Amino acid sequence: QLRQRKGRPLAPRMSPCIGAMMANRHRQQVASGARSKMWRRALGGQRWAAKVCVWAVLGAALLGAARVALGASGEFVGRPAPTLQSSAFVGGCTERGPHPAASLRGARQAAADRQRMKRRAGKPEVNYAMDEEGSRASPGSERAAQWWADNAQAGEEAAFDQTRLVEFVLGRPFEVIQRVLETVCVAAGMWWAWKAASPPSSDQDTGTTYSASLDRSTASSERGEVLRAGLQNMGVFFVKLGQTAAQRPDIVGDEIAEELKGMQERNTPFPDEVALRIVAEDLQWRGPLAPGVLWDGCQEPEGSPLLAELDAKHVASASLGQVYRGRMHDGREVALKVQRPGVQPALSLDWAVALLGARTYTTVMGSANDYGAIVDTVARGVRMELDYHNEAANAEEFATRHAFLPFVSSPGIVPELMGPRGRSRILAMNWYPSRAPRDVPIEERRAMVEKAVEACIVQLLVTGYVHADPHEGNLRVGDDGRVVFLDFGLMDRMDFGLMEKCSEGVRHVLNKDWLQLSRVFQDVRFTPTPMMRNTAYGKSRKPNYEPCTLEEFAEEVGIQLEAEAGGQSRFGAMATALKTLSSRYLMLTPPFVALLSRTFLTLEGLLGDDPVLAKEYNVYRVALPFALRRLFSPRTKRGKTFLRETLLRNPASKRPLPNWTALSGLLASSA
């Protein structure tokens, strides 16, 4: 050690090198002792040490998962991660050169960049956007865009946009870690409970086959209770997935689908006292809500009541809220939908967890799809569903656009019983006298299902305004015989180009024109251009795509659809067939499929309750008249050009002649 004596070192002739070494050693010893003392004070025992170790491990795991999910080399900078949406639609393989800043990061970082680019070489990249001539936004699309610009709350600026995932995670790392841990633990507990609990014994099995019916055909089991409770604890994002899966036993299995049906109308309720207090707070009401109905904290118990009557017990409990029945002083019956507490803050965290999972899956499996765009689409839809004033506007637009359908109805809005705009937790609607589908005879239920399917086909091909949540809890049989749609929070808008291409696809399926159907798949971005075949099929889990002819793919599509049960009568069967082909050919998943597939997969699941409908009902034949209506009234440039070339001979001439052969063919196909 160096000591000072009278301002001079003890060893004035000591070598500078040795002196520096001794000084450095002294500093290390002092620092080591200080660190040991500091950690002993901070930890204060083994319990805190264990907690620190756990958080350190979780932080390292999250960092590693984020590096894999974000597709970066650990460099969290402002440059957004490359996505499929930002890439040019080339359909084939793309080569990318090294990043311009690679030389500034050193030889080691440049080598890592070269390895990453090498892995990306040969990976197809696509753009889901349709070309300008084949697309045109449907009316009302600007309202959704304006809503998001005006109503995104503070703290959510980076949420629901996958290009800002890093910014969102770094802004709240501990919350994201906690949510990831909660989700993983709940999912693991669900899996363990499902495997550990005993399935129905063989002596209880009566040979009944599960079907995608409207209601449960068996009693609830202990495993089912764990499954439903787990999904509800995971959040509303996963509850929506469970409600859709309940109608698709062909995807998730018969037993799981049967157990999930309880989530469509019977979710775990929250206390009625909390709901009544929310009503009073949003409406700023100091007195009783109705004669004899006092809310917790009522300031004027003897004051005038808000309503003439109010049932203090909820009549239904949904994933986002609970419904209460009341009567206004003017005699109108109303339904008050009260939002479930704590739903909105957890949604952005659920989005981050789902997006991390989607990106990890895409990276590990080498998929060319941008599943992050689908997560964004669903999360944005659920976020808008939480704005009850937006849902009220959706309900009014739905009623206006489908007023020409005499068999479709929806309840009206009661705006005077709603909270402040942008943050209302109450949705007030007129009470529509109706019954649940499970409470009506089979004949009425069959008629209701047919009307609901036809109404959704009209939404897909004619109006372009699709109800994206038509499960059993949101469909009712009105006392006037009409099918009543409820819950307009989750809606989807169809581009005119998509409506025209879907109409063409309906014709091609009925005509068994698989080549033209394959071209429609390319136009709507279900498949790339050119078509890509997986040459590693059966050899490796990681795909290796090479171009192939469209005729080859069309032949495989025809074989698969003709072999698939319901392949030429159900939209869901086509989805299953394309899923089967996805192992051999590159199949894409555009974002609009997320909500649209939920609509028709759920509705076609309702057809399985009736053996007659399951066997004889053909969705494509029901859709054909509406498809021809759309084809004869195109809105896009490409659609107008196609119609002129189909119905006229020499359409470019000054006096084109009608093409009667083509016109008769179109009319014959609708017979």
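Residues numbered from 1 in each chain as written. Predicted model: local features only at pLDDT ≥ 70, side-chain atom pairs only at ≥ 80, totals over all residues. Heavy atoms only, no water.

## Focus: the overall build of the chain
Going by this rule: Only DSSP runs of H or I covering at least 4 residues are called helices, and only runs of E covering at least 2 are called strands; the numbering of each starts at the N terminus. Each residue is placed in one exposure class: buried if its accessible area under a 1.4 Å probe, protein chains only, is under 20% of its type's maximum, exposed if it is over 50%, and partly exposed if it falls in between. Contacts between residues were defined by any pair of non-hydrogen atoms, one from each residue, lying within 4.5 Å. Each accessible area is a Shrake-Rupley estimate made with a 1.4 Å probe; only the visible protein chains count as cover when residues are assessed.
Helix and strand content of the chain: 24 helices and 17 strands. By residue count, 46% of the 671 residues in the chain fall in the buried class. Here the analysis covers contacts within the chain between residues at least 6 apart in sequence; of these, 71% occur between residues at least 24 apart. About 33800 Å² of surface is accessible on the chain, with carbon and sulfur atoms providing 56% of the total.

## Comments concerning unusual backbone geometry
Among all residues except glycine, the phi angle is most often negative; among peptide bonds, the trans geometry is most common. Residue proline 530 is bonded to the preceding threonine 529 through a cis peptide linkage, with omega at 0°. Structurally, proline 530 can be placed in the loop between α17 (514-523) and β14 (532-534). A positive phi angle, close to 60°, is found at aspartate 487, a residue other than glycine. In this model, arginine 525 sits at a positive phi of 70°, which is unusual for a non-glycine residue. Assignment of secondary structure puts arginine 525 in the loop between α17 and β14. Relative accessible area serves as the criterion here: at 9%, arginine 525 is assigned to the buried category.

## Digging into the confidence of the model for the chain
The test is simple: pLDDT: the predictor's confidence for each residue, scored from 0 to 100.
For the chain, the average pLDDT comes to 75, and 70% of its residues sit at 70 or higher. Within the chain, the element-level pLDDT minimum falls on strand β1 (residues 4-5), averaging 44, and the maximum on strand β8 (residues 426-430), averaging 96. Below a pLDDT of 50 lies the segment residues 34-54, which in the model reaches four contacts outside its immediate sequence neighbourhood of four places, other chains included. Under a pLDDT of 50 for its full length, residues 66-105 has, in the predicted model, 88 contacts with residues more than four places off or in other chains.

## Some remarks on the pairing of strand β5 (residues 321-327)
Basically, it comes down to this: Here, any two strands with at least 2 DSSP bridges between them count as paired.
As paired strands, strand β3 (residues 309-310) and β5 are joined by two bridges and run antiparallel to one another. Bridged to leucine 310 within β5 is glycine 326. Where strand β4 (residues 316-317) meets β5, two bridges bridge the pair, whose relative direction is antiparallel. Following the sheet pairing, alanine 316 is matched in β5 by valine 323. Where β4 folds back on β5, the antiparallel hairpin that results is connected by three residues. In this structure, β5 lies alongside strand β6 (residues 333-339), joined through seven bridges in antiparallel fashion. Directly across from arginine 325, in β6, lies its bridge partner alanine 335. Linking two consecutive strands that pair antiparallel, namely β5 and β6, is a turn of five residues; a positive phi of about 100° is found at glycine 331 within it.

## Points about the pattern of salt bridges
Spelled out, the test is: Only one rule defines a salt bridge in this text: a Lys or Arg side-chain nitrogen within 4 Å of an Asp or Glu carboxyl oxygen.
Under the definition given, this model contains 25 salt bridges. Notably, a salt bridge pairs arginine 425 with glutamate 281, separated by 3.2 Å at the nearest N-O pair. Within this pair, whereas arginine 425 is found in the loop between β7 (408-409) and β8, its partner glutamate 281 is found in helix α11 (residues 272-283), the two being separated by 144 residues in sequence. By relative accessible area, which is 28% here, arginine 425 ends up partly exposed. The salt bridge involving lysine 337 is made with glutamate 391; its shortest N-O contact spans 3.5 Å. A residue pair is termed long-range when its members are at least 10 positions apart, and lysine 337 in strand β6 and glutamate 391 in helix α14 (residues 388-401) qualify at 54 residues. Overall, lysine 337 belongs to the buried group, its relative accessible area being 13%. What makes glutamate 391 buried here is its relative accessible area of 2%. It is possible to trace a salt-bridge network through shared partners that takes in Arg277, Glu281, Asp282, Asp296 and Arg425.

## Overview of the packing of aromatic side chains
The relative placement of two aromatic rings is captured by the distance of their centres and the angle of their planes. Under the convention used in this document: Side-chain rings of Phe, Tyr and Trp, where Trp is taken by its six-membered ring, are said to pair if the distance between their centres is within 6.5 Å; with planes under 30 degrees apart they count as stacked, over 60 as edge-to-face, and otherwise as tilted. Whether a charge lies above a ring is judged from NZ of Lys or CZ of Arg, which has to be within 6 Å of the ring centre and within 35 degrees of the ring normal.
Evaluation of the coordinates by the stated rule reveals six aromatic pairs. Both rings, one in phenylalanine 553 and one in tyrosine 585, keep their centres 5.3 Å apart while their planes meet at 70°; by these two values the pair is edge-to-face. Of this pair, phenylalanine 553 sits in helix α18 (residues 550-563) while tyrosine 585 sits in the loop between α19 (571-581) and α20 (593-606); the two residues are 32 residues apart in sequence, bridging distant segments of the chain. For phenylalanine 553, a relative accessible area of 0% puts it in the buried group. For tyrosine 585, a relative accessible area of 3% translates into the label buried. Each residue in the set Phe398, Phe485 and Phe488 is aromatic and connected to the rest through ring pairs, giving one cluster. The ring of phenylalanine 168 has arginine 172 lying over it, and the distance from NZ or CZ to the ring centre is 4.1 Å. Positioned over the ring face of phenylalanine 404 is arginine 629, at 5.8 Å from the centre of the ring.

## Details of the sheet that holds β7
Our working definition: Every axis in this analysis is a line fitted to C-alpha atoms, fitted for helices over the stretch in contact. Angles between the N-to-C directions lie between 0 and 180 degrees.
As summarised here, the arrangement of the four strands in space is β7-β12-β11-β9, forming an open sheet in which the pairing is mixed. The open sheet terminates on both sides in strands that have one partner only, identified here as β7 and β9 (434-435). As defined by bridge partners, β7 adjoins strand β12 (residues 483-485) across two bridges and the pair is classed as parallel. Bridge pairing in β12 places serine 409 opposite valine 484. Against the sheet, helix α15 (residues 442-463) makes contact with β7, β9, β11 (475-478) and β12, and its axis sits at roughly 50° relative to β12, the strand it touches most.

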